[in-house]
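These are the residues of each chain, in order.
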Amino acid sequence: MFDAEKIRQDFPILDQVVNDEALVYLDNAATTQKPLSVLTALRDYYESDNANVHRGVHSLAERATAAYEASREKVRAFIHAKSTKEVLFTRGTTTSLNWVSKFAEQCLTKDDEILISIMEHHSNLVPWQQVANKTGATLKFVGIKNGQLDMEDLKNKLSAKTKFVSMTQVSNVLGCINPIKEIAQLAHQNGAYMVVDGAQSTPHMQIDVQDLDADFFAFSGHKMLGPTGIGVLYGKEELLNQMNPVEFGGEMIDFVYQDYSTWSELPWKFEAGTPNIAGSIGLGAAIDYLSALTMPAVEAHERQLMDYLMPKLRAIDGLTIYGPEDNANRSSVIAFNLEGLHPHDLATGLDMEGVAVRAGHHCAQPLIEVLETKVGATARASFYVYNTKADCDKFVEALLATKAFFSF
Ligand code: PMP
């Protein structure tokens, strides 16, 4: 039985009062809180095993290396990659997607096209603009329809010229779940590589990179109960073999001569310098925590919250909700605006009631433009394993109180 009340006890940070109200944390799409097991893993590592990895032969170095590589195996199993050679540790989704964009620079010419969507986070958009500028390739955008990806538009824009398709699996604004498996099939039929931004999906649903047939898949540890500064780039082994390292220096080499160097094997070829050892161990602990809950149960819990909350939100006069109508196509992200109130004032009002939500453009300015919000921003509530129906009730109450406070 999934018991969010019990889960909350593993997150001491949630047990606090903000502006004289019990905290309701609904900013999980920005970053999630960390359970005690993750905090303990970080502390244990620094208290007992701290040493640099892959270099030393002493016991601490061996223990640190074993723990670091054990985390890589946990990631492999979690996303069902074939081999740990395909799991690269990075700083997060942004770094992972920047690395893929370097591979694209290797591949593209001025006659090629890159296809992304208008809902992409800037970290899956700006690197592609850079690639297009450098190579002369054309960057195309798939639009949205009824608050989700317009698949007809995607099919129209995909052609033999398309060499990279890069899409988010879950939008950090609309909350919609994009049919990545189907998109990957279409991309491959046209001879394009499929890149997936999994920043908002990996924390909330079962990921199987082989089933999706993603060529590259990126995500961040901090959005799935892990520490900041650690993330993952999955890539198919044959592609990572073709891809040049992005950073050069220690750890990633095999031999260094005065005039040239040879690279280490996968995955270490990409991990130059001392990596975020503690971060990877913390991510491993976060994966253990989520795996014990099981991802289907995590997804079902969040779906239940959405089914409970959405009708209550839709009943509030003057509240615009962005994204798909149907909860089946929505993860646990809700962007909204209250008529006559700037989202920053709305978020401040909610904070006065102890409810933490985000307001702004959510690093998706081209999408916000298309949504015609009038104010160039929305408020956003996003949920996770420790949120309860009581949190949903408090959120609705706080919205009504804020609305009443600002009404004149
Ligand atoms: N893509 C999406 C869809 C996101 O929501 C985010 C984080 N807001 C990112 C990419 C970037 O993640 P990070 O900041 O951890 O690199």
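Before reading on, note that the structure itself is shown above.
Note that the structure is a prediction, hence the values are computed from the model and not measured.

> Quick one: what's the story with the packing of aromatic side chains, residue by residue and with numbers?
Counting across every chain of the model gives 18 aromatic pairs. On the basis of an interplanar angle of 40° and a centroid distance of 5.6 Å, the ring pair of W128 and F164 is categorised as tilted. Placement of W128 in helix α5 (residues 126-135) and of F164 in strand β9 (residues 162-168) is noted, with a sequence separation of 36 residues between them. For the pair formed by W128 and F164, the shared burial category is buried. Seen in terms of ring centroids, F164 and Y193 are 5.1 Å apart; in terms of plane orientation they differ by 50°. Their pairing is tilted. In this pair, F164 is assigned in strand β9 and Y193 in strand β10 (residues 193-197), connecting sequence segments 29 residues apart. We classify Y193 as partly exposed; its relative accessible area is 24%. An aromatic cluster is built from F103, W128, F164, Y193 and F216, whose rings are joined through pairwise contacts. Over the aromatic face of Y308 sits the side chain of K312, whose NZ or CZ is 4.5 Å from the ring centroid.

> Which residues make up the pattern of salt bridges, and what are the values?
A side chain of one charge can pair with a side chain of the opposite charge when the charged atoms of the two come close. Counting across every chain of the model gives 21 salt bridges. Of the charged contacts in the structure, one is a salt bridge between E105 and K134, with a shortest N-O distance of 3.5 Å. You can see E105 sitting in helix α4 (residues 93-107) and its partner K134 sitting in helix α5, a full 29 residues away along the chain. For K236, the salt bridge goes to D213, with nearest N and O atoms at 2.7 Å. Of this pair, K236 sits in the loop between β12 (231-235) and α9 (237-242) while D213 is found in the loop between α8 (209-212) and β11 (216-220), placing the two residues 23 residues apart along the sequence. Accessibility expressed as a relative area gives 14% for K236, which makes it buried. The network of salt bridges with common partners includes D27, R358 and R380.

What counts, and where the lines are drawn
Residues numbered from 1 in each chain as written. Predicted model: local features only at pLDDT ≥ 70, side-chain atom pairs only at ≥ 80, totals over all residues. Heavy atoms only, no water. Phe/Tyr/Trp six-rings, centres within 6.5 Å; stacked < 30°, edge-to-face > 60°. Helix = DSSP H or I, 4+ residues; strand = E, 2+ residues; numbered from the N terminus. Buried < 20%, exposed > 50% of the residue type's maximum accessible area, 1.4 Å probe, protein only. Lys NZ or Arg CZ within 6 Å of the ring centre and 35° of its normal. Salt bridge = Lys/Arg side-chain N within 4 Å of Asp/Glu carboxyl O.

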